[in-house]
Amino acid sequence: MDTLTFLLSGTLLAATPLLIAALGELVVEKAGVLNLSIEGMMALGAAVGFIVVSNTESYWLAIFIGGLVASALSVVFAAVVLLTLGNQVATGIAVGILGLGLSALIGQPYESMTVAPMARLPIPLLSELPIVGRGLFDHVAVVYLAPLLAVAVWFMLMKTKLGLIVRAVGESPESAHAIGYNVNAIRFAAILFGGFMAGVAGAFISVASTTLWANGLIAGRGWIVVALVVFATWRSGRIVIGAYLFGAATIGELLVQSFGLAIPSQLLTSVPFIATIIAIVLLSMDGRSIRLNAPVSLGRVYHVTQ
Amino acid sequence: MRNQELDIRPSPQNAGAEAPLLELVGVTKAFPAVLANDNVSLKIAPGEIHAILGENGAGKSTLVKTIYGVLAPDAGEIRWRGEAVEIRNPAHARALGIGMVFQHFSLFETLTVAENISLATPKTAAKLVPSITEIGERFGLPVDPHALVHSLSVGERQRVEIIRCLLQDPRLIIMDEPTSVLPPSGIPALFETIRRLADQGRAVLFISHKLEEIRALCHKATIMRGGKVVTEAVDPTQETNESLARLMIGRDIPHPRRAAATPADAAAMEVRDLTYVPADPFGTTLSDVSLALRPGEIVGIAGVSGNGQKELAAILSGETLLPPRQQDRIVINGRSCGAADSGKRRDLGFAFVPEERHGRGAVPEMNLKKNVILTAHSFGLANRGFIKRPAARAFAKQCIDQMDVHCSGWDAEARSLSGGNLQKFIVGREIRLGPKILLAAQPTWGVDVGAAAAIRQHLVDLRDNGVAILIISDELEELLEIADRLHVIFRGHLSPSIDRVDADSALIGDFMTGGFLPGQPNGEAVPS
Amino acid sequence: MMRLPWVIETKTERSTSAPLIAPFAAVAITVCAGVIILSILGVSPGKALFFLYFAPFSSGFNISEVFLKMGPLLLIAQGLAIGFRAKVWNIGAEGQLLLGAIGGSLLPIFFNDSQNPLMLPAMALVGGCFGMGWAAIAAWLRARYNANEILVTLMLNSIALQLLFYLVSGPLRDPLGFNFPQSALFPDVGMLPILFSGFRVNISIFFAIGVSLLAWLFVERSMTGYKLEVGGTAPDAARYAGFSEARAIWLSLLIGGTAAGLAGVFEVAGPLGQLQRVVSPGYGFAAIIVAFLGGLRAIGILFAAFFMAVIFVGGDIAQTSAGVPFSVNIVLQGILLVTYLAARVFVDYRVRFGTRRRIPAGAG
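Residues numbered from 1 in each chain as written. Chains lettered and ligands numbered in written order. Predicted model: local features only at pLDDT ≥ 70, side-chain atom pairs only at ≥ 80, totals over all residues.

Peer 1: What is the right way to read the overall build of chain C from this model?
Peer 2: What chain C contains, in helices and strands, is 14 helices and 2 strands. Computed over C-alpha atoms, the radius of gyration of chain C comes to 22 Å, within 12% of the 21 Å expected from 2.2 N^0.38 for 364 residues, which places it in the range of a compact globule. For chain C, the C-alpha atoms occupy an extent of roughly 90 × 60 × 35 Å along the three principal directions. Across the 364 residues in chain C, those meeting the buried criterion constitute 56%. Nonlocal contacts in chain C, meaning residues at least 24 apart in sequence, comprise 78% of its contacts between residues at least 6 apart. (Helix = DSSP H or I, 4+ residues; strand = E, 2+ residues; numbered from the N terminus. Rg over C-alpha atoms; globule rule 2.2 N^0.38 Å. Buried ≥ 20, exposed ≤ 12 C-beta atoms within 10 Å, placed from the backbone. Contact = placed C-beta atoms within 7 Å.)

Here it is as structure tokens:
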């Protein structure tokens, strides 16, 4: 495998789970809820997915069940922030810790085990292209599906009535309630969707990317996902761009090794985190763009008297 | 075709004799601190324009929210076309044929007009565009369906609300204080729209505390006071302002005692050619604002809300800071302080009563003792970095006594006070700082008549003691009552000063729509 | 559609006893959850209850361990709570702790045969400054560029961990340590005095309790504490009053960072005695839970830190006695905070069951 193929396919593989989870979080935040438990939900999805593959060898089932279980965890988050009006930041952290703990607990018997990689689906003709063919078009199906998912989420949010309702609820839950929408029901659904996507992303990492389970597998990717949504100023198109950029940053290690440079591995491991900070700073300097795109009620407790 | 669809007139209009469209029997709604509606009953017939009249806090808004299904009544019955119904939510109310135009609009600023309207109907935004234009033309409500709501003036936003309501073809339309967001010149057009609706057989429930308007427009009026109905179905055309006022507040409306102003010559506060582009893309840009405020006078700033009042107040108070190079745009007692924060301005003798009481003028979750520390900490309530609690307690007690604040004591949380009482407390706190300049934004907004009169009297007394006072208010009546001269703000421009004696509503109404700007004679109150 | 079987109403008055409901409910549920989880893992309920919640008090050694772990939790949580009250979300205590541990290790590593009695205070000074400096990055980025401090402090956690890994496997590695990724052992002057010989608990617990008293004074009595609280509860009121937001951000993060940094010094100068790859069993995150469980109030945090320390020690005992994974600890921490936040509804609001309030006929 030549270097370019190696880097391209590494980037896509690293970017795919970021993109999937970020699209889920985008919908949640568009509905006005800040869910900081992505890291925990991804970890749970990864552990569950790995366990399912180890026992059934069915990858699609693993990804689906991983999503489902993470979604079940997000019910806890939704219940606390919507029904008992818990602080969203604190609740997100709490549920995140719970998810990390649960993933470590159920994954314990599988620690350091591996599974066979998910079958790749090379795209005919395209994967035969010179130079980039193998790197871009010889992947597991999920890698191709992720950008399509981004288009679907964009279409749902911006072009359908449902998306309009979600955005309205995120801008002003009071007004949405006043004209007759059930704000909590819509937010509940959004949170479940976000949880499912985070679980799918986590399962993808364990069954298709690393094909290995180890405690701490997610290693901060969930937080990068949250940052990605901010970085993209809540726009699906920019989430796609951001995900692939971050994907490239995470394989910096491979890049440097391929050039034979002697840089401490710890510094390379830190690159995505440093890149995230820089990205957040650059984005945050443009307050106007944030004000125009950020869901107005994001993170705020919504309480209505009936 | 649409004309027929909308024309629901059942028979020649003869409102009173028919069975009521809506009937309330003994509706009661309690909130933790207050019984907002107490055994309220009323009837509305098709084609009737029915006023609900009451002062702030009388329970009008609670009642209409109950009818619209936003709130659930604790007791009582709602009958719609003769049948008892439980209105579960606003969607259900709309399905029954009840529409509502909110006072604080329930519009979404980041969405377009058509998207906003589509949220209340089953149709998509694209399909609604022709109907929006058509209804707009037929009822005199012009609006661009593709415009983003944040770019619209308040008057236009109200049109969007009304169109949204009409598209659902309602039999009953509730309008909550609809004239409060209009310049005087916009009110006749609104009344014309309402009359057309009534002519078609629709009933209109018109909520207001403005007596003139009710007498000019409504067929019947139900008068509320303290959550109860005091008089059901009077004919307002047979009443005078005074008689309606007595019914509304139970006594004559008090007016402050005031003598002519004797201002000093030197300005206490000056604003010089201030131009400010807000960081908030939805805000209003202030252009070339100049203003001088002298000790011993009350200057009012009138205008339709949303024309830069919030931005101006925040800049004058120091909550929004100008860049250092514009330091000398604002001068307080001879000191340039455009970039000085509100604490520094307070030390120069500037005090501010903001528009929002809960969460800005006071911290709702803190008790009154802690709330005085907010602005009075450098007036002897802190020592070496530690709070002097007995002093704060005494300060709070004095505010409560002096302003006759109804509360359980200095340890009452600010959120447990009614809007009027909290406002009296805040005004009392700022007065006790002994300011040389006082800025008050919407000082009596949402405050009951008694408290409003007390606050206005305090402001006049303060003026007589040589304080320079600036009042920003949407309520023209209030400014005409206590201001010595007026400016009008329109799209971030400030009009020339109008002396009290020259201030008639025709001139001010003209200024409110930009009449003072060159090249804009009789300009329209609609930003492009 | 989804009208709930209960109604949540805004409270207009605050009672003094209600705030206690939430932590007690959370602790009770967590105790039950711990027993259930261990039962699922094959430990009998009686034994589970014993290991997790009684064994920590069963011997002098175990009690000493509880207070040993309570120290850093208490110290960090007091620092974090001040920021949380101002709604400055410093989630980076773990990283600040690591920087404190690194900073605190420099002097004893480079002056390894020192006899200077000022070694320990100097270590605390350097470590505290390191923790503060790490938090200052987030403060600067937030105050200057409005960069979200939650994300920045989290990223700094990951970076701090990599920095530690780099240092212990390179520049700060013990040259005589057979390439193990750890530093030389500290000299005696660089170690915290032990309280009882044979037990590991040291004087840092008294330091943490002293800091708690200062925190109480700061939060409840000082003008600066008041300003921070106004900024957290009503930002518009703070702006109206002229309380600087940037100042609140800086103060919150610097206080939290310093406290966490000191906790890091106390770990390396206490139970560890050297700089290692693993400095903290997640104190930085657990302290977030402690801060909330204590109601963000100094006195409450004292009790919350004690309970959290019991969970830590109980989990250790269950691990060694019954082979239960350490992750049970993390799960219990998560449950503790989730249930606490849910139970807060009874503190912050008035909850009535049944959707309609029945007004007796003729009332009002």
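Peer 1: How should the overall build of chain A be read in this particular structure?
Peer 2: What chain A contains, in helices and strands, is 14 helices and 2 strands. Against the 2.2 N^0.38 benchmark of 19 Å for 306 residues, chain A shows a C-alpha radius of gyration of 19 Å, consistent with a compact globule. Expressed along its principal axes, the backbone C-alpha trace of chain A runs to roughly 65 × 45 × 40 Å. The long-range fraction of contacts in chain A, counting pairs at least 24 apart against all pairs at least 6 apart in sequence, stands at 79%.

Peer 1: Before we go on, may I ask you to explain the interface of chain A and chain C in this structure?
Peer 2: Interface size, as often reported, equals the accessible area lost upon joining of the parts. Counting residues at the interface gives 45 residues for chain A and 42 residues for chain C. Elements with a minimum of two residues in the side of chain A that touches chain C: α3 (59-83), α4 (88-107), α9 (183-209), α10 (221-231) and α13 (265-284) of chain A. Considering each element in turn, the side of chain A that touches chain C owes the most residues, 13 residues, to α4 of chain A. Across the side of chain A that touches chain C, the residue classes break down as 27 nonpolar, 18 polar and no charged. (Nonpolar A, V, L, I, M, F, W, Y, C, P; charged D, E, K, R; others polar.)

Peer 1: For this particular structure, what's the right way to read the interface of chain B and chain A?
Peer 2: With 23 residues of chain B at the contact, the number on the chain A side is 16 residues. Elements represented by at least two residues in the side of chain B that touches chain A include exactly α3 (90-96) and α4 (113-118) of chain B. Classifying every residue of the side of chain B that touches chain A by side-chain character gives 14 nonpolar, 5 polar and 4 charged.

Peer 1: I tried to follow the environment of Ile-209 of chain C on my own but got confused; where do I start?
Peer 2: All names here are of chain C. Position of Ile-209 relative to the elements: it lies in helix α7 (residues 204-221). Assessed through the 17 C-beta atoms surrounding it within 10 Å, Ile-209 is described here as partly exposed. Linking Ile-209 and Val-43, residues 166 residues apart in sequence, is a C-alpha distance of 36 Å.

Peer 1: Looking at this structure, I do not really get the packing of helix α6 (residues 141-159) of chain A against helix α11 (residues 236-250) of chain A. What am I missing?
Peer 2: Axis angle and axis distance: for two packed helices, these are the angle between their axes and the distance between the axes, and together they describe the pair. Residues and elements named next belong to chain A. In the contact formed by α6 and α11, the axes pass within 9 Å of each other and the chain directions differ by 160 degrees. By the criterion of interaxial angle, the relationship of α6 to α11 is roughly antiparallel. Relative to α11, the crossing made by α6 is right-handed. Residues Pro-147, Ala-150, Val-153, Trp-154 and Leu-157 of α6 pack against Ser-236, Gly-237, Ile-239 and Val-240 of α11. (Axes fitted to C-alpha atoms, helices over the stretch in contact; angles between N-to-C directions. Parallel < 35°, antiparallel > 145°, perpendicular 65-115°, else oblique. Left-handed = near helix turned anticlockwise from the far one by under 90°.)

Peer 1: Help me understand the sheet that holds strand β7 (residues 172-176) of chain B in this model?
Peer 2: Two orientations exist for strands paired in a sheet by backbone hydrogen bonds: parallel and antiparallel. All names here are of chain B. Reading across the sheet, the 6 strands line up as β6-β7-β8-β3-β9-β10 and stay open at both edges, with mixed pairing between neighbours. The open sheet terminates on both sides in strands that have one partner only, identified here as β6 (98-101) and β10 (228-234). Each adjacent strand pair in this sheet contributes to an overall mean axis angle of 15 degrees, direction not counted. Of the strand pairs in this sheet, strand β3 (residues 49-53) and strand β9 (residues 220-225) are connected by 4 bridges, and their pairing is parallel. Among the inter-strand pairings, Leu-53 is bridged to a residue of β9, identified as Ile-223. Its contacts with the sheet put helix α2 (residues 60-67) on β3, β6, β7, β8 (203-208) and β9, and the angle it makes with β7 is roughly 150 degrees. (Pairing = 2+ DSSP bridges.)

Peer 1: How should the packing of α11 of chain A against α13 of chain A be read in this particular structure?
Peer 2: Residues and elements named next belong to chain A. Contact geometry for α11 and α13: axes closest at 8 Å, N-to-C directions at 145 degrees. Within the contact between the two elements, α11 uses Phe-246, Ala-249 and Thr-250 and α13 uses Val-271, Pro-272 and Ala-275. Considering only residue class, the contact of α11 with α13 consists of 5 nonpolar, 1 polar and no charged.

Peer 1: What is the right way to look at the pairing of strand β2 (residues 35-44) of chain B in this model?
Peer 2: Along any regular strand the residues' side chains alternate between the sheet's two faces. Residues and elements named next belong to chain B. Bridge count for strand β1 (residues 22-30) against β2 is 6 bridges, and the pairing is antiparallel. The partner of Leu-22 across the bridge, within β2, is Ile-44. What sits between the antiparallel neighbours β1 and β2 is a turn of 4 residues.

Peer 1: Whenever I open this one, unusual backbone geometry confuses me. Can you help?
Peer 2: Glycine aside, residues mostly have negative phi angles, and peptide bonds mostly take the trans form. Residue and element names in this part refer to chain B. The phi angle at Arg-384 is positive, at roughly 50 degrees, despite the residue not being glycine. Classification of Arg-384 as exposed rests on a count of 7 C-beta atoms within 10 Å. A positive phi is found at Arg-491, a non-glycine position, where the angle reads about 45 degrees. Locating Arg-491 in the fold gives a position in the loop between β21 (485-490) and β22 (493-494).

Peer 1: How should the sheet that holds strand β14 (residues 330-332) of chain B be read in this particular structure?
Peer 2: Residues and elements named next belong to chain B. The antiparallel open sheet is built from 4 strands, whose spatial order is β12-β11-β14-β15. If you trace the sheet from one side to the other, it starts and ends with β12 (286-293) and β15 (335-336), each paired once. Summarising the sheet, β14 and β15 pair through 2 bridges and their orientation is antiparallel. When the sheet's bridge partners are listed, Val-331 is paired in β15 with Ser-336. Packing of helix α10 (residues 309-317) onto the sheet brings it into contact with β11 (269-276), β12 and β14, and relative to β12 it is tilted by some 55 degrees.

Peer 1: For this particular structure, what's the right way to read the environment of Ser-208 of chain B?
Peer 2: Secondary-structure assignment places Ser-208 of chain B in strand β8. Taking C-alpha positions, Ser-208 of chain B is 8.7 Å from Met-175 of chain B, a pair spaced 33 residues apart along the chain.

Peer 1: What exactly am I supposed to notice about helix α2 (residues 45-54) of chain C here?
Peer 2: Along an α-helix, residues three or four positions apart point the same way, because every turn accommodates 3.6 residues. All of the buried residues along α2 of chain C are Ala-48, Phe-51, Leu-52 and Tyr-53 of chain C. Buried residues of α2 of chain C, seen end-on, are gathered within an arc of 160 degrees and therefore sit on one face of the element. (Arc of directions from axis to C-beta.)

Peer 1: Which parts of the structure should I look at to understand the confidence of the model for chain C?
Peer 2: Detailed reading of the predicted coordinates is not advisable wherever pLDDT is low. Residues and elements named next belong to chain C. For chain C, per-residue confidence averages 92 on the pLDDT scale, and residues scoring 70 or more make up 94% of the total. Of the regions scoring below 50 in pLDDT, residues 356-364 engages in 13 contacts with residues more than four places distant in sequence or in other chains. Scored as a whole, the predicted complex attains pTM 0.90, and scored at its interfaces, ipTM 0.92. (pLDDT = per-residue confidence, 0-100.)

Peer 1: For this particular structure, what's the right way to read the pairing of strand β4 (residues 75-80) of chain B?
Peer 2: Residues and elements named next belong to chain B. In this structure, β1 lies alongside β4, joined through 5 bridges in antiparallel fashion. In the sheet register, Leu-24 faces β4, and the bridge partner there is Ile-78. As paired elements, β4 and strand β5 (residues 83-85) share 3 bridges and run antiparallel to each other. Residue pairing for β5: Trp-80 is matched across the bridge by Glu-83. The antiparallel pairing of β4 with β5 creates a hairpin that spans 2 residues between the two strands, and Arg-81 there sits at a positive phi of about 50 degrees.

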